[in-house]
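# Topology and contacts: notes
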Amino acid sequence: MSAIDTEVADSTRGAAPAVLTPRLRLILVLLLATQFMLAVDFAILNVALPAIGEGLGFPLARLQWIATSFALCAAGFTLFFGRVADLFGRRRLFLGGLVVLGLASLAGGLAQNPAMLITARVLQGLATAAVTPAGLSLMTTSFPEGPLREKALGLNGALMSTGFTTGAVLGGVLTDLLSWRWAFFLNVPVALAVVLIAPRVIKESRPDERPKLDVPGAVSVTLGLLAVIFGLTQAGENGWGSPGALSALAAGAVLLLVFYAVERKVPAPLVPLGVLGKRSVAWGNVAGLIAFLTETSLVFPLTLYLQNVLGFSPLAAGLSFGVLGLGTVTGGTTAPRVIAKLGTKRTLIVGGILQTVFTAALIGLGPDRSWLGLMLVAGFLGGVGNMLVIVGFMVTATSGLADREQGLATGLATMTQQVGITMGTPIMSAVATAAMAGTGASAVLGGLRAAIGVNAAIVLLGVLTSAVFLRGDRPAAR
């Protein structure tokens, strides 16, 4: 029997490893590679959109649906699939989602018309909604609560955040050197490799007794999230006062209230209100929502600054964000040690303060390239702070819960992440546009300063909610 086989047998008998064994290292590599690929997928097509539109004959007004169709499904169905993973098997959903993702990516790369491409993007979004919470719940159940889980979640957060930046850069490189189609084809070998290796090292995880799926809750929350995300995208495109945005947001709010009412009455709720009542889950997710909303949306005003004020090319602007990505990697790899020393609550506060200070520093950006140094330094240190918050959020929101609830906890955390990413850019876009007086570089600079100021204020709000509402915790014993 191989060492990995022995470890699988031990884990099946319930032995909780205290160190990273060869099997756990392989599990970690597989799960991290998958999560990184999904993060890259969010951003990789942004730079390629004009080339896709030209190649397939997309009308300019419909081009945004390449991103919107993906985001709607990825955010709208993630809570539903997170619970499905708990009920029917996390590994099964993880592998099934990867198969769908690989096939959808292949179809997207081979698309010959807009309808085929949009269909592929919808399937990619659904696969992402299944794979992300299933992968995270496999991570939290494979790694016991404490140092190992914190290390795994730290690396996961760092790679996911870096993936958003890498996607923008990689999309430009692939489009320039090969074709936009390779932005799709890139997923296929990664998905295939994980599907072939994972069944040997990752054991199935499901509850002993399978409760009934809360169908009314699943339908109301999924439709509610779809309506909210659609409303946010409409607000970013047409303004916050547009009828499409207001009606979709109102419908989403009503459906989410219906969901809450359903969860109070059904015997086996999709989201037990007792779980949402835990401070660590509720306020941990608030901190995570703000962290994802602010840092990912900061790319929008900084892209305007680099291209419209400093005159950088799209590829050069994308490469400049590599420093921000380096900051997130640094924050993600150091976060477990910070949590070990300070505890999760203090880590959330320290990371939030660091992000607030260096986001606010970007308000001082000037109209020429001599200010690029400020942007790079503030972006790096703000990225470090943001990743401390993200890892602190993941540890907080998934701690103190039974294994049978990990799919729900990671589904909530994934939903928080997806909604935050989707909300951020429309908000920053609306603020920047409203603050622009006139045209030209000076008007753009005024708009982006306003957006950055609002961004910093939102981060500070997250610091205050963590400080006031989360219970103090002691650093873990090592």
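Here the residue numbers are simple positions, counted from 1 along each chain's written sequence. Totals for whole chains, interfaces and linings use every residue, but because this is a predicted model, local features are given only for residues with pLDDT of at least 70 and side-chain atom pairs only at 80 or more, for both listing and counting. Remark: hydrogens and water are excluded; side-chain values derive from all non-hydrogen atoms of the structure.

### Describing the overall build of the protein
When its secondary structure is counted, the protein shows 21 helices and zero strands. Accessibility here uses a 1.4 Å probe with only protein chains present; expressed as a share of the type maximum, an area under 20% marks a residue as buried, one over 50% as exposed, and anything in between as partly exposed. Within the protein, the proportion of its 478 residues that are buried is 54%. Note on contacts: a residue pair is in contact if any heavy atoms of the two residues lie within 4.5 Å. If you take every contact in the protein between residues at least 6 apart in sequence, the share linking residues at least 24 apart comes to 83%. Here, Shrake-Rupley sampling with a 1.4 Å probe gives the accessible areas, and only protein chains in the shown set may cover a residue. For the protein, the accessible surface area stands at approximately 18,800 Å², while carbon and sulfur atoms represent 69% of it. For helices the rule is a DSSP run of H or I covering at least 4 residues; for strands it is a run of E covering at least 2, with both sets numbered from the N terminus onward.

### A word on helix α6 (residues 90–109)
By this rule the span expected of a helix is its residue count minus one, scaled by 1.5 Å. A rise of 1.5 Å per residue sets the reference length of α6, with its 20 residues, at 28 Å; its end C-alpha atoms lie 28 Å apart and thus fit the reference within 8%. For α6, the set of buried residues is R90, L93, F94, L95, G97, L98, L101, G102, A104, S105, G108 and G109.

### So, the side chain of T347
Looking at the element boundaries, T347 is found in helix α18 (residues 344–361). For T347, a relative accessible area of 0% translates into the label buried. When sequence neighbours within four positions are dropped, the list of residues in contact with T347 reads V338, I339, L342 and L388.

### Observations concerning helix α4 (residues 65–76)
Helix length check: α4, at twelve residues, gives a terminal C-alpha distance of 15 Å against a target of 16 Å (1.5 Å per residue), a fit within 8%. Burial analysis of α4 places ten of its twelve residues in the buried class, which makes it a mostly covered element. Here α4 has its buried residues at I66, T68, S69, F70, A71, L72, C73, A74, A75 and G76.

### Remarks on the confidence of the model for the protein
Residue-level confidence of the predictor is what pLDDT reports, using numbers from 0 through 100. In this model, the protein carries an average pLDDT of 80, and 85% of its residues clear a pLDDT of 70 or more. Per-element mean pLDDT across the protein ranges from 44 in helix α1 (residues 3–12) up to 94 in α18. Every residue in residues 1–16 is under pLDDT 50, and counting partners more than four places away or in other chains gives 17 contacts.

### Examining a nonpolar patch on the surface
Here, patches come from residues exposed beyond 30% relative accessible area and free of salt bridges, joined within 9 Å for like charges and within 5 Å for nonpolar side chains (Val, Leu, Ile, Met, Phe, Trp, Tyr). Any Lys or Arg side-chain nitrogen located within 4 Å of an Asp or Glu carboxyl oxygen qualifies as a salt bridge. Taken together, L106, L110 and M116 make up a surface patch of nonpolar side chains, about 240 Å² in accessible area. As for its placement among the helices and strands, L106 is situated in helix α6.

### Quick notes on the environment of S142
If you trace the backbone, S142 turns up in helix α7 (residues 114–142). Remark: the alpha-carbon pair of S142 and K203, spanning 61 residues in sequence, is separated by 8.8 Å. Non-local contacts of S142, meaning those with residues more than four positions away in its chain, are made with L24 and I27.

### A short note on the nonpolar core
By convention a nonpolar core is built from buried Ala, Val, Leu, Ile, Met, Phe, Trp, Tyr and Cys residues, the set being connected through side-chain atoms within 4.5 Å. Counting residues in each nonpolar core, the largest one holds 80 residues, and the members touching the most others are F94, L98, M139 and F143. Other than its neighbours up to four places away in sequence, M139 contacts L28, L31, L32, A152, L153 and N156. Listed in part, the 20 residues of the second largest apolar core include L310, F321, L372 and M375.

### Topic: the packing of aromatic side chains
By convention here, two paired aromatic rings are described through the distance between centres and the angle between planes. Ring pairs are drawn from Phe, Tyr and Trp, using the six-membered ring of Trp, whenever the two centres fall within 6.5 Å, and their geometry is named by plane angle: stacked under 30 degrees, edge-to-face over 60, tilted for the rest. Inspection of the entire model under this criterion finds six aromatic pairs. With a centroid separation of 6.3 Å and 35 degrees between ring planes, the pair formed by F77 and F81 is classed as tilted. Using a relative accessible area of 22% as the deciding quantity, one classes F77 as partly exposed. Pairing W283 with F469 gives two aromatic rings, centres 4.0 Å apart and planes at 10 degrees, and the pair type is stacked. Here W283 is found in helix α14 (residues 279–297), whereas its partner F469 is found in helix α21 (residues 441–469), with 186 residues between them in sequence. What makes F469 partly exposed here is its relative accessible area of 34%.

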